[in-house]
Amino acid sequence: MRQDTTQIVIDTPGQGLHDITRDVTRWVAAQDFREGLLTLFCRHTSASLLIQENAAPAARRDLERWFATIAPESTRYEHDDEGPDDMPAHLRAAVTATSLTIPLIDGQLTLGIWQGIYLFEHRRLAHRRTLALHLIGE
């Protein structure tokens, strides 16, 4: 049994779903594992990770609008240290995931044909996000 780890930095242009599938699969392929389990971990409280539809951009736009509806920017939040999008970003991260686990079979991540890995930036401004990746297997 082997394992490998890394951290990757993703520069987001601002709020929304950002496809990181290529970044992740490129690193996994370089490790030359045949079977295993990949864990991704987002080291932030105002961004998250999702596996989501990767073919129809409308699905991502609808998802982004839905999150804006359930956690809107508002003056009703006490926590607004970094602006009006601060607390809504934390709420959106709280109902999504900060980690994902994806099996590796025959050297490939077992994503479905219409699935991609996304960093979901919940803040309006550009941010530099760090993800920790851990691959265990053989």
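Values in this document were obtained by computation on a predicted structure and should not be read as measured data.

Asks: Describe the pattern of salt bridges, with residues and values.
Replies: By the definition in use, this model includes 9 salt bridges. When the shortest N-O distance is used, the salt bridge between Arg 65 and Asp 62 registers 2.5 Å. Of this pair, Arg 65 and Asp 62 both sit in helix 2 (residues 57-70), separated by 3 residues, roughly a single helical turn. Note that Arg 123 is salt-bridged to Asp 85, the shortest N-O span being 2.8 Å. Taken as a pair, Arg 123 in the loop between strand 7 (115-121) and strand 8 (127-137) and Asp 85 in the loop between helix 2 and helix 3 (86-94) lie far apart in primary sequence, 38 residues in all. Residues joined by salt bridges that share partners form a network here, namely Glu 82, Asp 85, Asp 86 and Arg 123.

Asks: Before we move on, can you summarise the packing of aromatic side chains with the specific residues and values?
Replies: With the rule as written, the count across this model stands at 2 aromatic pairs. Ring geometry for Trp 66 against Phe 67: centres 5.0 Å apart, planes inclined by 85°, an arrangement best described as edge-to-face. By relative accessible area, Trp 66 is classed as partly exposed at 46%. Taken together, a centroid distance of 5.2 Å and an interplanar angle of 85° make the contact between Phe 67 and Phe 120 edge-to-face. Separated by 53 residues along the polypeptide, Phe 67 in helix 2 and Phe 120 in strand 7 bring together distant segments of the chain. Three or more aromatic residues joined by ring pairs make a cluster, and in this case those are Trp 66, Phe 67 and Phe 120.

Asks: Outline unusual backbone geometry, supporting the account with residue identities and numerical values.
Replies: One non-glycine residue, Asp 32, lies in positive phi territory at about 55°. The residue Asp 32 is located in the loop between helix 1 (21-31) and strand 3 (36-42) in this model. A residue is classified by how much of its surface remains accessible, and Asp 32, at 59% relative accessible area, is exposed.

Asks: Can you tell me about the sheet that holds strand 4 (residues 47-53), naming the residues and giving the values?
Replies: Spatial ordering of the open sheet is given by 2-7-4, a layout of 3 strands whose pairing is antiparallel. Two strands close off the open sheet at either side, each with one partner strand: strand 2 (16-19) and strand 4. Neighbouring strand axes in the sheet, compared pairwise and without regard to direction, differ in orientation by 40° on average. Bridging between strand 2 and strand 7 involves 4 bridges; their strand directions are antiparallel. Within strand 7, the residue paired with Asp 19 across the bridge is Tyr 118.

What counts and what doesn't
Residues numbered from 1 in each chain as written. Predicted model: local features only at pLDDT ≥ 70, side-chain atom pairs only at ≥ 80, totals over all residues. Heavy atoms only, no water. Salt bridge = Lys/Arg side-chain N within 4 Å of Asp/Glu carboxyl O. Helix = DSSP H or I, 4+ residues; strand = E, 2+ residues; numbered from the N terminus. Phe/Tyr/Trp six-rings, centres within 6.5 Å; stacked < 30°, edge-to-face > 60°. Buried < 20%, exposed > 50% of the residue type's maximum accessible area, 1.4 Å probe, protein only. Pairing = 2+ DSSP bridges. Axes fitted to C-alpha atoms, helices over the stretch in contact; angles between N-to-C directions.

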